[in-house]
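Spelled out, the chains give:
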Amino acid sequence: MIRIDAGACTGCRCCEAACAFHHTGSGGRTLSRIRVVNLYELGVDAPVVCQQCAERYCVACPEEALSLGPLGQVVVSPTLCSECGACTRSCPIGAIEPVDGVAYVCDLCGGEPRCVEACTQGAISFAPGAGGTVELAAFKAEGEHLAPSHRRAAYVRALGRAVRDTWGVASG
């Protein structure tokens, strides 16, 4: 599982570029499976990526296009994916989005996540075998009717408030 330290992220987006380049050969960040959210009002930046949550909401795909891989990562079958949006709607933190007819979600780059390598600040780390330890049920109810970008912002806001508490700054 990929772990995020919101207190260390500078918002540089190198993780997005590395992910997109690895998967598509293009540095276009819109093709990334990790998304950096900048919450200027809190003074916090943080990437959002699949947390391999305990609930595994997304795997309940009606087309059975999503399954779990050997590292616990979500694997998408492009031939089975009908872009119905069920996985996008089910992810409580907005870590899945359809791009060019296929659901984009972190696949851990086969065990060598490029986002981790690209993060010079140490904000992203890889903990193999730790999947299923993060519970996202609290985010599920509050983000039910939000777009993925707003779900990501809510998740980063929660991470950011925890970081700000360590700074001794009043949360916004």
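Higher on the page you've got the structure.
The notes below deal with the structure included here.

**Some thoughts on empty space enclosed by the protein**
Turning to step 1, where the next piece is worked out: A full pass over the atoms with the stated rule returns eight cavities of 30 Å³ or more.
Turning to step 2, where the next piece is worked out: Forming the walls of the largest cavity are 14 residues, and the residues nearest its centre are C50, Q51, C53, C58 and C91.
Turning to step 3, where the next piece is worked out: As for the second largest cavity, its lining consists of 15 residues, of which C9, C12, R13, C15 and C119 are closest to the centre.
Turning to step 4, where the next piece is worked out: Tallied by class, the residues present in the lining of the second largest cavity amount to eleven nonpolar, three polar and one charged.

**Overview of the packing of aromatic side chains**
Turning to step 1, where the next piece is worked out: According to the stated counting rule, one finds one aromatic pair in the structure shown.
Turning to step 2, where the next piece is worked out: Seen from their ring centres, F139 and Y155 are 5.2 Å apart, and the 75 degrees between their planes marks the pair as edge-to-face. Placement of F139 in helix α4 (residues 137-142) and of Y155 in helix α5 (residues 148-167) is noted, with a sequence separation of 16 residues between them. Comparing F139 with Y155, the two get one shared label, buried.
Turning to step 3, where the next piece is worked out: In this structure, R33 packs its charged tip against the face of Y104, placed 3.9 Å from the ring centre.
Turning to step 4, where the next piece is worked out: The side chain of K140 reaches across the aromatic face of Y57, ending 4.8 Å from its centre.

Rules behind the numbers
Residues numbered from 1 in each chain as written. Predicted model: local features only at pLDDT ≥ 70, side-chain atom pairs only at ≥ 80, totals over all residues. Heavy atoms only, no water. 1 Å grid on protein atoms, 1.4 Å probe; cavity = no way out; pocket = protein on both sides within 12 Å on 5 of 7 lines; lining within 4 Å. Points joined across faces, edges and corners; volume = space filled by probe spheres on them. Nonpolar A, V, L, I, M, F, W, Y, C, P; charged D, E, K, R; others polar. Phe/Tyr/Trp six-rings, centres within 6.5 Å; stacked < 30°, edge-to-face > 60°. Helix = DSSP H or I, 4+ residues; strand = E, 2+ residues; numbered from the N terminus. Buried < 20%, exposed > 50% of the residue type's maximum accessible area, 1.4 Å probe, protein only. Lys NZ or Arg CZ within 6 Å of the ring centre and 35° of its normal.

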